Amino acid sequence: METDEDTSTHKVDPTIITDPGARLAFKLEQRGIRRLKGERHAFGVPEDTDTRFVRRRSCRNYADQIVTKEQLGEVLRSLSQRHFDRLPFPKYRYGSAGGLYPVQTYVGVHSGKIQDVPAGLYYHDPRTNELVATGERSSGIVAGQAGPNVSLIESASFALYFVCDKSAIEPLYGKDLGVMFAAMEVGAMCQLLEDQAADLELGFCQLGAMNDRDLRRALDLGDGYMPLHCIVGGFVPADQHDEEALIRDFSSYEKQPKSDVADQDFGTELAEFLKDRLPNYMVPQRVVSCRRMPLTSNGKIDNKVLIDLLEDEQPSKEGTSAAREIATQEPARHQGIIKNANDADVEVLETKVIGWWTEALGGRNLRSQDSFFDAGGTSLELVRVHRLMEQELGAEIPIVDLFRLTTPHETALYLADLQSRSAKAEQLVQKSAETHQSVRPENPAKASRSALLTRRHNMSSAQMEDA
């Protein structure tokens, strides 16, 4: 599922992790899984040959081929109802709270992408499996997505918009439960569509964080309706529903550019803002955008690196520049690492890290403060780097940490600290073993015999003194 935030219309929560590496590290931790120590009963893990894990996936690349009316019809048939003679209510292939089915499906057919179906917005009538023209978008595309989602929705053949009619559920469940149950219903609908996509030679991708203002306007939705979700689809040949396609799709998605503060052109606005508040000589002539400051090994601002950035980066517009990502999201957390790092070791390791990165990224020229992800790296390349590190250093390295250490310099500091701690731990173990050996107690039988002889000797000495 895509979840790029439209920052122009949403307030960004400052507690949300935004650094690409840190986000990947968080996902890798699988925090949703509890680590319990209770008694376990095994049932066997899924087989490697189970293709269901590959066939159900988010497809972000679609073939330049028209989707047939029959293909779209099968998709919509999955969301249609069926009547049974002995049942009073219609039946669907997915569940809904109380059998109410308050979620409506609207279809955006994109221009020239569906056979015999004109572009535009439609309401899907689940009773007859028909599309009813509605709305005011002749292209079939509704605005409201951001980042990579914009190009994704434009490349798709169609989009499904799921909208809750609150009047169809709140009278029985109330406002809060009604929305929650409607969201659960949408989840069941999307799962059903994705599970059958490969059989239809289609692919789907769910899009999150959509601004619904244009959708409301296009479909004339009042306050009684709540847009919940969007999923896009397109033609994906049968031979593209395999593991290799899964890896390619994942890699291409990670390499898509993400909007960032370092890419925004706010230098001119900042200069105008400062002119009204500062003397002319204090207004900066050039602004270099930087997500975070580079630090020295002592945790202070690295002025030399800042100067290098100014010299290396050519301004794209007057007074502005897009600086590369430097350091990681929380530089302060490396204070403890720096204490145990030896400068010579760090320099050697930094060279090795650059070599590992260069090999994984296909020979790109890298420097100590370059960001792995800005240089084109993804989690797939970082896994290869992790494997190279462990093989050459002969040590276990938590891969989660590598996602947070996105520059060669920080990675070298971390590895130097890791080696230092490992060496000290070995010294302590060896010293403890030597101490234990030097004070090792005597054999119990031998100790008892020695004590008995000593006592006899003392008794004999006392008898001689009495005599």
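It should be noted that the structure appears before, not after, this text.
Residues numbered from 1 in each chain as written. Predicted model: local features only at pLDDT ≥ 70, side-chain atom pairs only at ≥ 80, totals over all residues. Heavy atoms only, no water.

Visitor: Can you help me understand the overall build of the chain in this one?
Guide: Regarding its fold elements, the chain presents 15 helices and six strands. A total of 467 residues make up the chain; the buried ones form 38% of that total. Counting contacts in the chain only where the partners sit at least 6 residues apart, residues at least 24 apart contribute 75% of the total. Accessible surface, the chain as shown: approximately 28,400 Å² in total, 52% of it carbon and sulfur. (Helix = DSSP H or I, 4+ residues; strand = E, 2+ residues; numbered from the N terminus. Buried < 20%, exposed > 50% of the residue type's maximum accessible area, 1.4 Å probe, protein only. Contact = heavy atoms within 4.5 Å. Areas by Shrake-Rupley, 256 points an atom, 1.4 Å probe, with all protein chains shown as cover.)

Visitor: So what exactly am I meant to see when it comes to a negative patch on the surface here?
Guide: Residues Glu-47, Asp-48, Glu-201, Asp-239, Asp-242, Glu-243 and Glu-244 make up a contiguous surface patch of negative charge. With respect to the helices, strands and loops of the structure, Glu-244 is situated in helix H7 (residues 243-254). Assessed through its relative accessible area of 52%, Glu-244 is described here as exposed. (Patch = residues over 30% accessible without salt bridge, like charges linked within 9 Å, V, L, I, M, F, W, Y side chains within 5 Å. Salt bridge = Lys/Arg side-chain N within 4 Å of Asp/Glu carboxyl O. Lys, Arg positive; Asp, Glu negative; His and termini not counted. Charge placed at Lys NZ, Arg CZ, Asp CG, Glu CD.)

Visitor: How should the sheet that holds strand S5 (residues 202-207) be read in this particular structure?
Guide: In a beta sheet, neighbouring strands pair by backbone hydrogen bonds and run either parallel or antiparallel. Read from one edge to the other, the open sheet built from six strands follows the order S3-S2-S1-S4-S6-S5, with strand pairing classed as antiparallel. Bordering the open sheet on either side are strand S3 (130-134) and S5, each of which pairs with just one other strand. Averaged over all neighbouring strand pairs, the angle between strand axes comes to 30°, with direction disregarded. Here S5 pairs with strand S6 (residues 225-235) via six bridges, running antiparallel. Along S6, the bridge assignment pairs Phe-204 with Gly-233. (Pairing = 2+ DSSP bridges. Axes fitted to C-alpha atoms, helices over the stretch in contact; angles between N-to-C directions.)

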